[in-house]
Amino acid sequence: MDEARLSAHERRVLAEIEADLSADDRLASRMGEHRQVPRLPRIAGRGGVGAVALGALTLTLLVLAVATSTPALIWAFAAAWVVTLILLLRMVVRWTRRRAGGGRHDD
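Residues numbered from 1 in each chain as written. Predicted model: local features only at pLDDT ≥ 70, side-chain atom pairs only at ≥ 80, totals over all residues. Heavy atoms only, no water.

Caption draft 1: How the structure looks around helix α3 (residues 48-68). In this model, α3 (21 residues) spans 30 Å end to end at C-alpha, consistent with the 30 Å of a helix rising 1.5 Å per residue. By the burial criterion, the buried members of α3 are Gly48, Ala51, Leu54, Thr58, Leu61 and Ala65. One side of α3 carries all its buried residues, which in axial view fall inside an arc of 140°. Every exposed residue of α3 that faces more than 90 degrees away from the buried side is listed here: Val49, Leu59, Val63 and Ala67. Structurally, α3 contributes buried residues whose contacts are with α4 (71-101). A positive backbone phi angle near 55° is found at Ser69, which sits one or two residues after α3. (Helix = DSSP H or I, 4+ residues; strand = E, 2+ residues; numbered from the N terminus. Expected span 1.5 Å × (residues − 1). Buried < 20%, exposed > 50% of the residue type's maximum accessible area, 1.4 Å probe, protein only. Arc of directions from axis to C-beta. Contact = heavy atoms within 4.5 Å.)

Here it is as structure tokens:
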């Protein structure tokens, strides 16, 4: 797709507008508040290390339960899977609340 080219006069006018807007400190600070880059949730935060460890345990129990078909391992996997899902759900809810509210909201 062809991009539009600005004339010298249009570039000069645009540069003047940008200079005027960047000179306004109050506007610049307000724009900085709204121009936050979305971030992914931190794994190393509160509960993240536990979620990774519990996920590894769940995966290990799954492999062992499939390989041996032992009822105790199947039930252990089911219990660990439920706990892992609950922990991950709580982390997602906490992350979305922080992101929507702009501050920290811990349960």
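Caption draft 2: A look at the side chain of Thr84. Secondary-structure assignment places Thr84 in helix α4. Under the relative-accessibility criterion, Thr84 is labelled buried at 5%. Engagement of the side chain of Thr84 in a polar contact is seen with the backbone oxygen of Ala80, the distance being 2.7 Å. When near neighbours in sequence (up to four residues on either side) are disregarded, Thr84 contacts Leu54, Gly55 and Thr58. (Polar contact = N/O pair within 3.5 Å; in protein donor to acceptor, adjacent residues only side chain to side chain.)

Caption draft 3: Representation of unusual backbone geometry in the model. With a phi close to 55°, Ser69 is a non-glycine residue in the positive phi region. Its place among the elements puts Ser69 in the loop between α3 and α4. Looking at Ser69, the relative accessible area reads 52%, which means it is exposed.

Caption draft 4: Region of the structure containing the packing of α3 against α4. One way to put it is that α3 packs onto α4 with a least axis distance of 9 Å and a crossing angle of 155°. With respect to each other, α3 and α4 are oriented roughly antiparallel. Of the two elements, α3 crosses α4, and the hand of that crossing is left-handed. In this structure, α3 contributes Gly48, Gly50, Ala51, Leu54, Gly55, Thr58, Leu61, Leu62, Leu64, Ala65 and Thr68 to the contact, and α4 contributes Leu73, Ile74, Ala76, Phe77, Ala80, Trp81, Val83, Thr84, Leu87, Leu88 and Met91. Per-class residue counts for the contact of α3 with α4 are 16 nonpolar, six polar and no charged. (Axes fitted to C-alpha atoms, helices over the stretch in contact; angles between N-to-C directions. Parallel < 35°, antiparallel > 145°, perpendicular 65-115°, else oblique. Left-handed = near helix turned anticlockwise from the far one by under 90°. Nonpolar A, V, L, I, M, F, W, Y, C, P; charged D, E, K, R; others polar.)

Caption draft 5: Structural detail: the environment of Thr60. Relative to the assigned elements, Thr60 resides in helix α3. The exposure class assigned to Thr60 is partly exposed, which follows from its relative accessible area of 43%. Remark: the alpha-carbon pair of Thr60 and Phe77, spanning 17 residues in sequence, is separated by 8.5 Å.

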